[in-house]
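# Fold and geometry: a report
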Amino acid sequence: MAEPTTNTTSKTFALGGDLTINRMGFGAMRITGEGIWGPPKDHDEAIRVLKRAVELGINFIDTADSYGPNVSEELIAEALYPYPQDLIIGTKGALLRTGPNQWPIDASPKHLEEALHGSLKRLKQERIDLYQLHRIDPNVPAEESFAWLQRNQQKGLIRHIGLSEVTVEQIKKAQEFFPVVSVQNMYSVDNRKWEAELDYCEQNNIAFIPWYPLAGGNQDALNKLTGIGQRLGASPQQVALAWLLHRSPNILLIPGTSKVKHLEENVKAADIQLTAEDLAALDQLG
């Protein structure tokens with residue numbers, strides 16, 4: 001019988017060197033309506049999810065002004081303000097919403113200014129602990145967006161700055177303006193497009209926050225995850241999350257859900273111990 005690996009990676013990560021975050025966080029995108037548009041179908045359950053997340057020890061919540069739009073941030077404040085002292089809320093700006101599942105990009109300083117101040121007001125905060133550029137805008141020089149972020153960090157409105165869907169080269173360019181403390185790129189056990197970016201972040205003590213962290217429908221991946229899960233008494237989704245925690249000590253997880261039951265299942269993934277054989281089999285999927 002295969003022996004479980006000793007998970008020597010820490011369950012916490014020092015974001016920016018000064019914010020201790022539990023690596024199992026919560027993504028607050030799916031507490032909104034269908035298509036990430038409008039209010040949730042079950043408002044009270046969304047509030048329960050947020051409160052339960054904190055009860056379970058989650059102290060990092062990821063959101064964005066575009067989730068709803070505005071709805072996710074408003075629900076977070078409704079459920080949790082005044083916030084626990086150790087709770088870190090990361091939000092993002094640079095995406096517009098023109099309808100369900102529509103995400104036009106606008107990373108112009110003008111729009112970012114409106115987005116930041118809107119987030120501050122909705123979240124009832126004087127400073128955003130982690131403000132992430134949701135996308136680099138192909139129609140706006142990246143340097144303009146970076147310079148705006150730099151100015152607002154210097155003003156004290158932003159504590160730490162992160163990026164999303166960026167290459168190593170773009171991270172390095174941003175670092176000419178400010179320390180990059182997080183990178184949020186799509187990544188999962190069967191989607192390794194951003195492997196080089198994850199490795200760069202690990203080498204430079206930058207948090208890597210995979211969005212869409214569960215296997216994306218690859219049948220081979222699902223079969224392997226299911227087989228391992230059956231032996232461990234876990235779901236394929238829990239195994240996929242556990243693999244990410246084993247993959248790199250700088251990965252912060254933000255699985256999202258609108259149901260308390262699913263939230264509790266996701267959190268249990270942090271306690272799953274994978275064997276060396278499990279890890280080898282799952283590593284091959286990439």
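Please refer to the structure higher up on the page.
Since the structure is predicted, the reported quantities are computational estimates derived from the model, not experimental observations. (Residues numbered from 1 in each chain as written. Predicted model: local features only at pLDDT ≥ 70, side-chain atom pairs only at ≥ 80, totals over all residues. Heavy atoms only, no water.)

## Structural notes on the pairing of strand S7 (residues 158-164)
Extensive coverage of S7 is indicated by the burial of six of its seven residues. Alignment of strand S6 (residues 128-133) against S7, held across five bridges, turns out to be parallel. The partner of Leu-133 across the bridge, within S7, is Leu-163. After leaving S6, the chain enters helix H4 (residues 142-154) and then returns to the sheet as S7, a path that is right-handed. Sheet analysis places S7 next to strand S8 (residues 180-184), joined by four bridges and oriented parallel. What sits directly across from Ser-164, in S8, is Gln-184. (Buried < 20%, exposed > 50% of the residue type's maximum accessible area, 1.4 Å probe, protein only. Helix = DSSP H or I, 4+ residues; strand = E, 2+ residues; numbered from the N terminus. Pairing = 2+ DSSP bridges. Right-handed = clockwise from strand over helix to strand, strands pointing away.)

## Some points on the packing of aromatic side chains
If you walk through the whole model with that rule in mind, you get seven aromatic pairs. A ring pair is formed by Tyr-67 and Trp-103, whose centres lie 6.3 Å apart and whose planes are at 85 degrees; its orientation type is edge-to-face. Residue Tyr-67 is located in the loop between strand S4 (60-62) and helix H2 (71-80), and its partner Trp-103 is located in the loop between strand S5 (88-93) and helix H3 (109-123); the two are separated by 36 residues in the primary sequence. Among the residues examined, Trp-103 registers a relative accessible area of 29% and is labelled partly exposed. An aromatic cluster of at least three residues, connected via ring pairs, comprises Phe-146, Phe-177 and Phe-178. The residue whose ring lies beneath Arg-97 is Trp-103, and the NZ or CZ to ring-centre distance is 3.7 Å. (Phe/Tyr/Trp six-rings, centres within 6.5 Å; stacked < 30°, edge-to-face > 60°. Lys NZ or Arg CZ within 6 Å of the ring centre and 35° of its normal.)

## A few points about the side chain of Asp-106
With respect to the secondary-structure elements, Asp-106 resides in the loop between S5 and H3. In this structure, Asp-106 is buried with no salt-bridge partner, the nearest side chain bearing the opposite charge being Lys-110 at 7.2 Å. (Lys, Arg positive; Asp, Glu negative; His and termini not counted. Salt bridge = Lys/Arg side-chain N within 4 Å of Asp/Glu carboxyl O.)

## Re the layout of surface pockets
Approximately 590 Å³ is the volume attributed to the largest pocket. What lines the largest pocket is a set of 23 residues, and nearest its centre among them are Met-29, Arg-30, Trp-211, Tyr-212 and Pro-213. Counted by class, the lining of the largest pocket contains 13 nonpolar, six polar and four charged residues. (1 Å grid on protein atoms, 1.4 Å probe; cavity = no way out; pocket = protein on both sides within 12 Å on 5 of 7 lines; lining within 4 Å. Points joined across faces, edges and corners; volume = space filled by probe spheres on them. Nonpolar A, V, L, I, M, F, W, Y, C, P; charged D, E, K, R; others polar.)

## Looking at H2
Across the 10 residues that make up H2, a large majority, eight, are buried. Turning to H2, its buried residues number three or more, namely Val-71, Ser-72, Glu-73, Leu-75, Ile-76, Ala-77, Ala-79 and Leu-80. Check the buried side of H2 and you find it contacts helix H1 (43-55), S4, S5 and H3. (Contact = heavy atoms within 4.5 Å.)

## Structural notes on the environment of Ser-235
Mapped onto the secondary structure, Ser-235 falls in the loop between helix H7 (219-232) and helix H8 (236-247). Each C-alpha atom of the pair Ser-235 and Leu-225 lies 7.9 Å from the other, and the pair is 10 residues apart in sequence.

## Digging into the pattern of salt bridges
If you walk through the whole model with that rule in mind, you get 15 salt bridges. For Lys-92, the salt bridge is made with Asp-62, and the minimal N-O distance between the two is 2.8 Å. With Lys-92 in strand S5 and Asp-62 in strand S4, the pair connects residues that are 30 residues apart, well separated along the chain. For the residue pair Lys-92 and Asp-62, the accessibility class agrees, reading buried in each case. Measuring nitrogen to oxygen at the nearest pair gives 2.8 Å for the salt bridge that ties Lys-261 to Glu-265. One end of the pair, Lys-261, and the other, Glu-265, are both in helix H9 (residues 260-268), four residues apart, so they sit about a helical turn from each other. Residue classification places Glu-265 among the partly exposed residues on the basis of a relative accessible area of 28%.

So, to be careful, I would describe these as geometric facts and stop short of saying anything about function.
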